[in-house]
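Okay, here's what each chain looks like letter by letter:
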Amino acid sequence: MGFYTCSICGKKLIRRKHNGLWVFRFGRGGDFTPVEMLIFGHIKMRCIRRRCRKENPDHWNEFTLFPKSVKTIGQKSNDNEDDSSESGE
Ligand SMILES: [Zn+2]
């Protein structure tokens, strides 16, 4: 998993799995992480560094669903398929 960082200060904000899921963990407390989420989609996220937010109050980091390095992952070929068609494991 690689970290995606704030485009201004470089603070690590969110990680991404190879399958495209975002992994967001936040919080302190040794072996306990209060906030842990998996997100699928296009994300806009503010920096979690206080000083960066203060200096750049209007700045949002934007992380697209498809990474820039990957051109198009067969987006057009299966427009009509949604998750409901094949979800029964
Ligand atoms: Zn920042």
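Preceding this section is the structure that the text describes.
Residues numbered from 1 in each chain as written. Predicted model: local features only at pLDDT ≥ 70, side-chain atom pairs only at ≥ 80, totals over all residues.

Caption draft 1: A look at the sheet that holds strand S1 (residues 2-5). The 4 strands are arranged S1-S2-S3-S4 in an open sheet whose pairing can be described as antiparallel. The open sheet has two edge strands, S1 and strand S4 (35-39), and neither has a second partner. Strand-to-strand, the axes of this sheet are offset by a mean angle of 30°, without reference to chain direction. Sheet topology places strand S3 (residues 22-26) next to S4; 5 bridges connect them, and they run antiparallel. Within S4, the position partnered with Phe24 by the bridge is Met37. (Pairing = 2+ DSSP bridges. Helix = DSSP H or I, 4+ residues; strand = E, 2+ residues; numbered from the N terminus. Axes fitted to C-alpha atoms, helices over the stretch in contact; angles between N-to-C directions.)

Caption draft 2: Just the environment of Ile39, in detail. Note on placement: Ile39 falls in strand S4. For Ile39, a count of 15 C-beta atoms within 10 Å translates into the label partly exposed. In this structure Ile39 touches Leu21, Trp22 and Phe24, once residues within four positions along its chain are discounted. (Buried ≥ 20, exposed ≤ 12 C-beta atoms within 10 Å, placed from the backbone. Contact = placed C-beta atoms within 7 Å.)

Caption draft 3: Looking closely at the pairing of S3. Sheet topology note: the strand S2 (residues 12-16)/S3 ladder contains 2 bridges and is antiparallel. Across the sheet, the residue bridging to Arg15 is Val23, located in S3. Counted between consecutive antiparallel strands, the loop separating S2 from S3 contains 5 residues, among which Gly20 sits at a positive phi close to 100°.

Caption draft 4: Geometry of the environment of Cys47. Note that Cys47 resides in the loop between strand S5 (43-45) and helix H1 (50-55). Here Cys47 is in contact with Cys6, Ile8, Cys9, Lys11, Leu13, Cys52, Arg53, His59 and Asn61, once residues within four sequence places are set aside.

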